[in-house]
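Spelled out, the chains give:
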Amino acid sequence: MANATKHFEPTSRQGLGYSQPGTVLWLLGPTSAGKTTLATRVVADLRGQGVPAILYDGDEVRGFFGPDLGFGADSRLRVVSVLVHLANKAADAGLQVVVAALTAGQDARDYVRENVRNLTIGYVACSVQACAQRDPKGLYGRAMRGEIDTLIGYNSEYRPPDNPDLVLDTEAYSVDELAARIVASYVWN
Ligand SMILES: Nc1ncnc2c1ncn2[C@@H]1O[C@H](COP(=O)(O)OP(=O)(O)OP(=O)(O)O)[C@@H](O)[C@H]1O
Ligand SMILES: [Mg+2]
């Protein structure tokens, strides 16, 4: 577990508020890896400690655009660019931000690195085999039956990120363990 955590940019708890920007933890990884599960838990735990925190999920933004938004690179980048904007604004307002989004394309990853301030990228790692077994949304099943052909990890290769700041292995560690590590790695002055 030693390599699974790294200290975030320190943020003063006393200073949390409009004068002290928050941090952005960007969780990326394949479908069913555990991004939403982990992000939801981290935000709940931070709030439980009295730390203002917010979650932005890729599905939420995609849902806002509606069914016309496709799954090509441009559409995916559009979702990511909205998430980047929301994350920066919330962090500027002093919130600790957690983003959960596939972010599979190199262009999207580069965009995040270049445009998000106080950023930590967490790679939510899980083999495609294990993701396909979990399959809470049934997407792998649909891809296997040929009902969809846009599932990254099944219809096209999922490429792990090059230099994540954190690696969160959801096959090796439980939600409890990973969430506790993440929350502990926020540094308060
Ligand atoms: N250690 C773990 N961390 C997170 N999730 C886990 C872990 N072990 C098992 N799971 C399960 O894996 C599933 C992950 O689903 P989740 O919706 O969080 O994935 P996701 O990465 O957000 O997928 P998507 O890209 O489709 O939104 C859940 O059913 C969750 O309970
Ligand atoms: Mg999700």
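Residues numbered from 1 in each chain as written. Chains lettered and ligands numbered in written order. Predicted model: local features only at pLDDT ≥ 70, side-chain atom pairs only at ≥ 80, totals over all residues.

Looking at an unreviewed UniProt entry, the chain carries the name Adenylyl-sulfate kinase, with the source organism given as Mesorhizobium album.

Focus on unusual backbone geometry
We note that Thr-103 has phi near 45 degrees; this positive angle belongs to a residue other than glycine. Relative to the helices and strands, Thr-103 is located in the loop between strand E3 (96-100) and helix H4 (106-115). Among the residues examined, Thr-103 registers 25 C-beta atoms within 10 Å and is labelled buried. Backbone geometry at Asp-135 places phi at a positive 40 degrees, although glycine is not the residue there. Counting through the fold element by element, Asp-135 comes out in the loop between helix H5 (128-134) and helix H6 (139-144). (Helix = DSSP H or I, 4+ residues; strand = E, 2+ residues; numbered from the N terminus. Buried ≥ 20, exposed ≤ 12 C-beta atoms within 10 Å, placed from the backbone.)

A short note on the site of ligand 1
Neighbouring ligand 1 are 21 residues, the closest being Gly-34, Lys-35, Thr-36, Thr-37 and Thr-170. Taken together, the elements giving at least two residues each to the shell around ligand 1 come down to helix H1 (35-48) and helix H7 (175-184). Of all the elements, H1 adds the most residues to the shell around ligand 1, at 4 residues. Grouping the constituent residues of the shell around ligand 1 by class yields 9 nonpolar, 8 polar and 4 charged. (Near = placed C-beta within 6 Å. Nonpolar A, V, L, I, M, F, W, Y, C, P; charged D, E, K, R; others polar.)

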